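# Chains, contacts and geometry: an overview
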Amino acid sequence: MIVCENLVKIYKAADLEVVALQGLDLKVENGELMGIIGNSGSGKSTLLNMLGGLDRPSAGKLFVAGADLFRLTNAELVKYRLETVGFVWQNNARNLIPYLTAQQNVELPMLLRGKRKRERAKELLDLVGLSHRKNNRLSELSGGEQQRVAIAIALANEPKLLLADEPTGSVDTRTAAMILDLFQELNRSFGLTVVIVTHDLELARKVDRVVAIRDGKTSSEIVRRKGAVAEQAVLPDGEAAEEDTHDECAVLDQAGRLQIPEEYLQAIGADGKLRIELEEDRIVLFPPRR
């Protein structure tokens, strides 16, 4: 579904240049449910904007659903945004038009394609559990309800890819769990590819894979291993239960470089240099000899 190779994004303002992405590599399979995490300024929202066709890359390769986003004309980008991707923002004011009802908001993307499908809008509101709120406006909905309407809007034109930028950032923990469960259900029931940018590390429990971005590059991945034996899971008869566990893997770029988490380097007293040794089936990193 998504292929990013050596992706670079540079923003220019007057004489100042800001490098938001510095050679990022990422692949997302069809039907995958994955998350992207990273500190503020790491480049994760920049990446999401480019995947959504809202911003153009400066260099590298970017393909989504077979489309080369470097080569699309402005008119083709508009078509791409209407038909290929759905977007859910953290700020509900960007998702919904306040003077329209929930149903009218869901109908709007279809109207922009020259279609009016009232029944489709009702089905989508029912899918997100809000058919009883179809005639309510923004001010009459809670934050969680507004976000679920936003998901229905994003699904209106049957996109191949659903992008969500901090979709649980403005709701409480219980509502956040409901929203993540909804993304999981959409992924499993419809095979929809879902990419979620978040600060929430608990996301790893809900998705297949979490990619961490640091300094504009993919630094590590947390991959769920289904059916692995978890130490803390024990059945009443004393046997170990099979549960999902997670492995964290550092990501090699195309040149064979990797980013080591800062806390790991601090733990061994590394100060910019590491000794590397090959031991049978593993590569071992040591601090330099004193």
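That block above? That's the structure.
All values derive from a computational prediction rather than experimental measurement.

Moving on, we come to the nonpolar core. Of all hydrophobic cores here, the largest spans 37 residues; its most connected members are V106, V149, I151, L162 and F183. With sequence-adjacent residues up to four places away left out, F183 is seen in contact with L33, I151, L162, A164, P167, V194 and I196. In this structure, I2, L47, L48 and L62 belong to the second largest nonpolar core, which totals 29 residues.

This part takes up the pattern of salt bridges. For the structure shown, the criterion picks out 11 salt bridges. In this structure, K9 and D55 form a salt bridge, with 3.3 Å as the shortest nitrogen-oxygen distance. On the criterion of sequence distance, the pair formed by K9 in strand β1 (residues 2-13) and D55 in the loop between α1 (44-51) and β4 (59-64) is long-range, its members being 46 residues apart. Among the ionic pairs, E17 bridges to K12, the shortest N-O distance being 3.7 Å.

With that settled, the discussion passes to helix α5 (residues 118-127). Every buried residue of α5 is listed here: A121, L124 and L125. One side of α5 holds all its buried residues, which, seen down the axis, span an arc of 100 degrees. Turned more than 90 degrees from where α5 packs its buried face, E119, E123 and D126 sit exposed. Following α5 by one or two positions, G129 has its phi on the positive side, about 75 degrees.

Rules behind the numbers
- Residues numbered from 1 in each chain as written.
- Predicted model: local features only at pLDDT ≥ 70, side-chain atom pairs only at ≥ 80, totals over all residues.
- Heavy atoms only, no water.
- Core = buried A, V, L, I, M, F, W, Y, C linked by side-chain atoms within 4.5 Å.
- Buried < 20%, exposed > 50% of the residue type's maximum accessible area, 1.4 Å probe, protein only.
- Contact = heavy atoms within 4.5 Å.
- Salt bridge = Lys/Arg side-chain N within 4 Å of Asp/Glu carboxyl O.
- Helix = DSSP H or I, 4+ residues; strand = E, 2+ residues; numbered from the N terminus.
- Arc of directions from axis to C-beta.

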